[in-house]
Structure formats: structure tokens, C-alpha cells
Amino acid sequence: MDNSAVSSIEDVITEAAEEVSSFWTGLWDWFVQVGPKILWAAIIFVVSWWLSGLIVRLLRKALLRTDIDRSVITFLCSMSKYALRLIAILLTLTPFGFEVGTAFAALGAAGITLGLGLKETVANLASGVQIIITKPFQVGHYILINQMEGTVTRVEIMFTTLKTLDYKEVVIPNSVITAGVLTNYTSLGIRRVDFNYCVRYGTDIARLRELLMELAQKEDMVLQDPAPLFAVMNQGANGLEVSLRVYCKHENYWSVFFDMQEKIKALFEQNDIQVPFNQVDLYLHPDGSPIPTPTEPKK
């Protein structure tokens, strides 16, 4: 190998070494310049994020000691959580020369633009505020909305959470609640329990009324004001349709319903009150031959 080739290889190796050295020198200079900012930003983020959670927990404990409605408490805590976390993210950018005041001004300007593109989000937020102001329900109320019913557990900024009787958590957007027809079973304090039955024709209705009203008056959880009501609802194809309607406190609804269903069944059996049911009569000849078709009556 001649000297020129060796010199060329040495030049390539030297150039590559210089580039690697330059790269690591530049990386080290960047780290020396930016590293403390990254470290400081990480410390600010961790501390501010932790403080935001602490503030929300302290706020919730303080509000729970007051007479403020629980739905208002959950809403305020939810709003505070998101606001404080946004501030924590903005503060994290300050070591890099980011101006928090400028950021809030920019967010305000961008809010209008984002609002046009996030109509559902804005609608849910506005509906959450509307729910808090108008108070159609509160945390702990049992409601029905869009064929979903359950006990209200949380009222957040964007949604409301229900717990169903079979222990499922249902999350409903706030805009759906304000736009739909809502039934609140708790707000009036009492609920009506309906017991509807069909009894055979010929049943002594006066006696049946006496038995059911006496049963309703003996039940401790049944309210006497409003008074229980017994009524004949309809003369159906299979029998008389009757109804016993009683009132109870909203928290006793299912206890009254299940308890009285069992007692009414026992009362019907003891007093020979029969409930009609559909049946099919099948007639067969002893020799198994087919039954002749009935002939039309002569005119």
C-alpha cells in the first residue's frame, strides 16, 4: 500500500473522530445549558402536581364540613382539579422562558376557536354548570334518565355518574341530562308502590278491599298520609284488574315492594282468592280418532 492511500485512510479516521468528538462536545454543552432547566421543570411538575391533588383533597374535606350540597362539592372539586393541573403544566414550562400570563391570554383567545370545534365538550361543561345552579337532583338521589336509573354518586364538570341497583357504574354526559326528560324519585321524599293483580270474576271485591287495606295499615313502613288506595282498574278479558297503591319513604321502596308482594300472595292463598291464568283445554277420543269439525248451526 502506497503512502497516499495510507494518508487518505488516516484523514478519514481523523475526520470521523473529530465529528464524533464534536457531536459529544455539542451534546455535553447542550446538556450543561438545558439539563438544569429540565431538572428544574421536572421538580416543578412533580411538586405542583402533588400540591394540586393535596389542595383538592383539603378543599373536599373542608366543604364536607359545611351544609353545601354534595353535588356542588363534587362539581367544585372536579373543576378545581382540572384547573390546578393545567396551572401545574404551565408552570412546568417556565424554566424554558415560557410566560404564564401570555399563556392564559393565548388560552383565552384560543378558547373561542376550540369552542367551535369542541361543541360537545363545551355543551357538557355548560350543562354541568346548569345542573349545579338549577339542582334538578343531588348526590344520593335516585333518578331515571334515558331509560337508565340509579343513585347519583358524582356530578363532575363533564358528566354525572350513577350507581345502578345491580352495582354498575353508569356515566352520562351532562348535556344528555339537561336535554332529556329526568325523573327524580327522591326529591319529594316519598314514593308510591303499586301492586296490580287480576282476580277471577265472582271474587268478593268488598272483601278483597278490606283484606288488602287491612294489610297496608299494618305495615310499619307504609305511610298512612297519603292514605293507601284500593281500586278496580278494569274489567279485562280474563278477570277483574285491581290495584293496591301505598306510599312509603323513598329509601324503603324496595323493602315495601318485596315484603308486601310475599304477604299479598299468602293472603290470596289463605282466603281462596284466585288469580286467572291462560290455559289450553285438549280433548281426545278414547280410541284416538280425530275430533269431528263442529258444524255450523242451521239457519
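In this report, the structure presented in the accompanying data block is examined. Note that this is a predicted model, so its numbers are computed, not measured. (Residues numbered from 1 in each chain as written. Predicted model: local features only at pLDDT ≥ 70, side-chain atom pairs only at ≥ 80, totals over all residues. Heavy atoms only, no water.)

### Examining the pairing of strand β7 (residues 229–235)
Judged from the six bridges that link them, β7 and strand β8 (residues 240–249) form a sheet pairing that is antiparallel. From the neighbouring strand, L229 faces β8, where its bridge partner is R245. Counting the residues in the hairpin turn of β7 and β8 gives four residues. (Pairing = 2+ DSSP bridges. Helix = DSSP H or I, 4+ residues; strand = E, 2+ residues; numbered from the N terminus.)

### Re the packing of helix α6 (residues 205–218) against helix α7 (residues 253–270)
Where α6 contacts α7, the axes come no closer than 11 Å and their chain directions differ by 145°. Taken as a pair, α6 and α7 cross one another with a handedness that is right-handed. Listed contacts from α7 to L208, L211, L212, L215 and A216 of α6 are M260, K263, I264, L267 and F268. Class assignment of the residues belonging to the contact of α6 with α7 gives a composition of nine nonpolar, no polar and one charged. (Axes fitted to C-alpha atoms, helices over the stretch in contact; angles between N-to-C directions. Left-handed = near helix turned anticlockwise from the far one by under 90°. Contact = heavy atoms within 4.5 Å. Nonpolar A, V, L, I, M, F, W, Y, C, P; charged D, E, K, R; others polar.)

### Quick notes on the pairing of strand β3 (residues 159–163)
As judged from the four bridges shared by strand β2 (residues 148–155) and β3, these two strands associate in the antiparallel manner. Paired with T151 across the two strands is K163, which belongs to β3. Counting the residues in the hairpin turn of β2 and β3 gives three residues. Connecting β3 to the antiparallel partner strand β4 (residues 169–173) that follows it, the hairpin turn spans five residues, and Y167 within it adopts a positive phi of roughly 60°.

### Details of unusual backbone geometry
Negative phi characterises most residues that are not glycine, and trans characterises most peptide bonds. In this chain, D225 is followed by P226 through a cis amide linkage whose omega measures 5°. Positive phi outside glycine occurs at K135, with the angle close to 55°. Among the residues examined, K135 registers a relative accessible area of 43% and is labelled partly exposed. The phi dihedral of Y167 is positive, around 60°, even though this residue is not glycine. Residue position: Y167 is located in the loop between β3 and β4. (Buried < 20%, exposed > 50% of the residue type's maximum accessible area, 1.4 Å probe, protein only.)

### Points about the nonpolar core
By size, the foremost hydrophobic cluster in this structure holds 25 residues, and its most contacted members are L208 and V246. Those elements that place two or more of their residues in this core are β6 (190–199), α6, β8 and α7. At seven residues, α6 tops the list of elements feeding residues into this core. The contacts of V246, once residues within four sequence positions are left out, are R191, R192, V193, F195, A216, V222, P228, V256 and M260. (Core = buried A, V, L, I, M, F, W, Y, C linked by side-chain atoms within 4.5 Å.)

Geometric descriptors of this kind do not, in isolation, establish any biological role.
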